[in-house]
Amino acid sequence: MKLTIKTSVQQSFQQVWAGFTEDLFNKLSPPFPPVKVIQFDGCRKGDEVELELNFLLFKQRWKSLITDQQRTDKEIFFLDEGVKLPFFLSFWRHRHRIIKDDNNTIIADEIEFRTPTLLTDYLFYPLLWVQFAYRKPIYRKAFS
């Protein structure tokens, strides 16, 4: 399954790239499930991010590796891929695109995911959409 959510913000794409920090990452985490950052190396190739998701009755670990990061005159992107995923995901690839748009920037979250079954892929899609739509006002506030 693929999901893309775009947000326009009012800073240059270089400023937005510089703002992709652990602090922003923490702000982007939705209220449920609560997320504890175990490791956050950054957003460059070879960096790792490990999280603990707290579902109240149980906890799940999520570990991603930044497998690619590139920059052009018009875009900066990095790609995180799931290495250790919660039981409800079998595949995760998230391309974070920071795209120059005149004096503004478009942040595009492009997610590709799979769950254990096609049925759960379709059931999980709206949940993921809500999780990433939640980021839009946070991005706008952080980069206004």
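Here's a quick rundown of the structure. (Residues numbered from 1 in each chain as written. Predicted model: local features only at pLDDT ≥ 70, side-chain atom pairs only at ≥ 80, totals over all residues. Heavy atoms only, no water.)

For helix α3 (residues 118-133), spanning 16 residues, the distance from its first C-alpha to its last is 23 Å, which sits close to the expected 22 Å at 1.5 Å a residue. The axis of α3 is deflected most strongly, by about 30 degrees, at F124, and proline P126 appears within four residues downstream. Among all positions in α3, only D121, F124, L128, F132 and A133 are buried. Residues of α3 that are buried make contact with β1 (2-9), β6 (91-101), β7 (104-114) and α4 (135-142). (Helix = DSSP H or I, 4+ residues; strand = E, 2+ residues; numbered from the N terminus. Expected span 1.5 Å × (residues − 1). Bend = angle between axes of the 7 residues up to and from the residue. Buried < 20%, exposed > 50% of the residue type's maximum accessible area, 1.4 Å probe, protein only. Contact = heavy atoms within 4.5 Å.)

A sheet is described by the order of its strands in space; here 7 strands give the open sequence β1-β7-β6-β5-β4-β3-β2, paired in antiparallel fashion. A strand with exactly one partner marks an edge of an open sheet, and here the two such strands are β1 and β2 (35-40). For this sheet, the mean inter-axis angle between neighbouring strands, taken without regard to orientation, is 20 degrees. Inspection of the sheet shows β2 paired to strand β3 (residues 48-54) by 5 bridges, in the antiparallel sense. Bridge pairing in β3 places K36 opposite E52. Strands in contact with α3 are β1, β6 and β7; relative to β7, the strand with the most contacts, it is inclined by about 155 degrees. α4 rests against β1, β6 and β7 of the sheet, and its axis sits at about 30 degrees to β1. (Pairing = 2+ DSSP bridges. Axes fitted to C-alpha atoms, helices over the stretch in contact; angles between N-to-C directions.)

Moving on: the packing of aromatic side chains. Within this structure, the stated rule accounts for 14 aromatic pairs. Look at F25 and F40: their rings are 5.5 Å apart centre to centre, the planes differ by 40 degrees, and that puts the pair in the tilted class. With F25 in helix α2 (residues 22-28) and F40 in strand β2, the pair connects residues that are 15 residues apart, well separated along the chain. For the pair formed by F25 and F40, the shared burial category is buried. Residues F55 and F88 carry aromatic rings whose centres are separated by 5.8 Å and whose planes lie at 85 degrees to one another, so their mutual orientation is edge-to-face. Here the residue F55 occupies a position in the loop between β3 and β4 (59-71), and F88 occupies one in the loop between β5 (75-84) and β6, the gap between them amounting to 33 residues. Take F55: its relative accessible area is 17%, and that puts it in the buried class. Here a set of aromatic residues connected by ring pairs shows up, and it is made of F32, F55, F58, F87, F88, F113 and F124. Lying over the aromatic face of F77, R95 brings its terminal NZ or CZ to 4.5 Å of the ring centre. When the ring centre of F91 is taken as reference, the NZ or CZ atom of R114 above it lies at 4.2 Å. (Phe/Tyr/Trp six-rings, centres within 6.5 Å; stacked < 30°, edge-to-face > 60°. Lys NZ or Arg CZ within 6 Å of the ring centre and 35° of its normal.)

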